[in-house]
Amino acid sequence: MDSALASENGLHLPDTVRTAVKLLVAGHFAVGKTTLVGTLSEIRPLRTEETMTQAGAPVDDLSATRDKTTTTVAMDFGRLTLSERIVLYLFGVPGQERFTPLWRDLAHGAYGALILVDTSRLEASFGVMDLVERQGLPYAVAVNQFDGAPAFPEDEVREALDLLPTTPLITCDARDHASSVRALITLVDHLLSDDSQREHP
Ligand SMILES: Nc1nc2c(ncn2[C@@H]2O[C@H](COP(=O)(O)OP(=O)(O)O)[C@@H](O)[C@H]2O)c(=O)[nH]1
Ligand SMILES: [Mg+2]
């Protein structure tokens, strides 16, 4: 929740900002989206979390989700002033199947997506990767390294997720500010690169 560029209370944007960039933070249930947006945001992130009810039990797979008792019903929202001129707006967007109809609206105007994955259930990311690709959004993939999750070599993760050689793949800790900033900058660099322009002209 810090930025040297945000004003003291973190609410007001410097009047030098000229460009606002919308980015999605995407990923399956409990992969760390809310954590990452909260770590990065200089304003108090807007969260739409609700305590999971019994009614959600058949659709939200809790088997591998450690001690999680809330789920994002719509999205997270945060802001990060990257430079005097550029502000990033971060939208944490749900990967659960039942939110698919929201995706076109959420993706509207977005420059790209950071897809969070968990190596202990890589296959759970296929759905959200498909959603991002169907919206035509360029993306980078960040492994949110959970304690005790397998640390596969990069080429195995790339193969399992069927990534293009040009798609950036990084490891991060969504609880750590510097690590999360690095992940986001990797995405922004990719969005500015020729590779991303070639893939999504
Ligand atoms: N060990 C560890 N736990 C994390 C990390 N990121 C998130 N968590 C925890 O994993 C759970 C799910 O994270 P959350 O951000 O709510 O996931 P979301 O459903 O994708 O928004 C929470 O209990 C977090 O505290 C991480 O990098 N390492
Ligand atoms: Mg969440």
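Residues numbered from 1 in each chain as written. Chains lettered and ligands numbered in written order. Predicted model: local features only at pLDDT ≥ 70, side-chain atom pairs only at ≥ 80, totals over all residues. Heavy atoms only, no water.

S.K.: Before we move on, can you summarise the overall build of the protein chain with the specific residues and values?
M.R.: Scanning the protein chain for helices and strands turns up six helices and seven strands. Listed N to C, the secondary structure of the protein chain is β-α-β-β-β-α-β-α-β-α-β-α-α in terms of helices and strands. Buried positions account for 47% of the 201 residues belonging to the protein chain. Taking the contacts inside the protein chain whose residues are at least 6 apart along the sequence as the reference set, 75% of them involve residues at least 24 apart. Accessible surface, the protein chain: about 10300 Å² in total, of which carbon and sulfur atoms supply 53%. (Helix = DSSP H or I, 4+ residues; strand = E, 2+ residues; numbered from the N terminus. Buried < 20%, exposed > 50% of the residue type's maximum accessible area, 1.4 Å probe, protein only. Contact = heavy atoms within 4.5 Å. Areas by Shrake-Rupley, 256 points an atom, 1.4 Å probe, with all protein chains shown as cover.)

S.K.: Please set out the site of ligand 1 residue by residue, giving values where relevant.
M.R.: Close to ligand 1 lie 18 residues, the nearest being A30, K33, T34, T35 and N144. One nitrogen or oxygen atom from the main chain of A30 is found 2.8 Å from an oxygen atom belonging to ligand 1. T34 is positioned with one of its side-chain polar atoms (N or O) 2.8 Å from an oxygen atom of ligand 1. Contact with the protein chains removes 83% of the 580 Å² of surface that ligand 1 exposes when unbound. At three residues, the largest contribution of residues to the shell around ligand 1 is made by helix α1 (residues 33-40). Residue classes in the shell around ligand 1 are distributed as five nonpolar, seven polar and six charged. (Near = heavy atom within 4 Å. Polar contact = N/O pair within 3.5 Å; in protein donor to acceptor, adjacent residues only side chain to side chain. Nonpolar A, V, L, I, M, F, W, Y, C, P; charged D, E, K, R; others polar.)

S.K.: Which residues make up the nonpolar core, and what values do they have?
M.R.: Formed by 24 residues in total, the largest nonpolar core has its most connected members in L24, W103, I115, V132, Y139, V141 and L161. The set of elements that each furnish at least two residues to this core consists of β1 (19-27), β4 (86-94), α2 (103-107), β5 (110-117), α3 (126-134), β6 (139-144) and α4 (154-161). Each residue touching L161, except ones within four places of it in the same chain, is listed here: V117, L122, S125, F126, M129 and V141. (Core = buried A, V, L, I, M, F, W, Y, C linked by side-chain atoms within 4.5 Å.)

S.K.: Can you break down the packing of α1 against helix α5 (residues 177-192) residue by residue, with the values?
M.R.: Interaxial distance between α1 and α5 falls to 9 Å at its minimum, and their mutual angle equals 100 degrees. Taken together, the axes of α1 and α5 lie roughly perpendicular to each other. From α1, L36, T39 and L40 reach across to α5, where they touch H177, S180, V181 and L184. Among the residues forming the contact of α1 with α5, the class breakdown is four nonpolar, three polar and no charged. (Axes fitted to C-alpha atoms, helices over the stretch in contact; angles between N-to-C directions. Parallel < 35°, antiparallel > 145°, perpendicular 65-115°, else oblique.)

S.K.: Can you break down α1 residue by residue, with the values?
M.R.: When you tally the buried positions in α1, you get seven out of eight residues, the bulk of the element. K33, T34, L36, V37, G38, T39 and L40 are the residues of α1 that are buried.

S.K.: Would you mind going over α4 in detail, with residue names and values included?
M.R.: Given 3.6 residues to a turn, an α-helix orients residues that are three or four positions apart in the same direction. Among the residues making up α4, those that are buried are V157, R158 and L161. Taken around the axis of α4, the buried residues stretch over an arc of 100 degrees, which confines them to a single face. Pointing more than 90 degrees away from the buried face of α4 are the exposed residues D155 and E159. Where the residues of α4 are buried, they touch β5, α3, β6 and β7 (169-172). (Arc of directions from axis to C-beta.)

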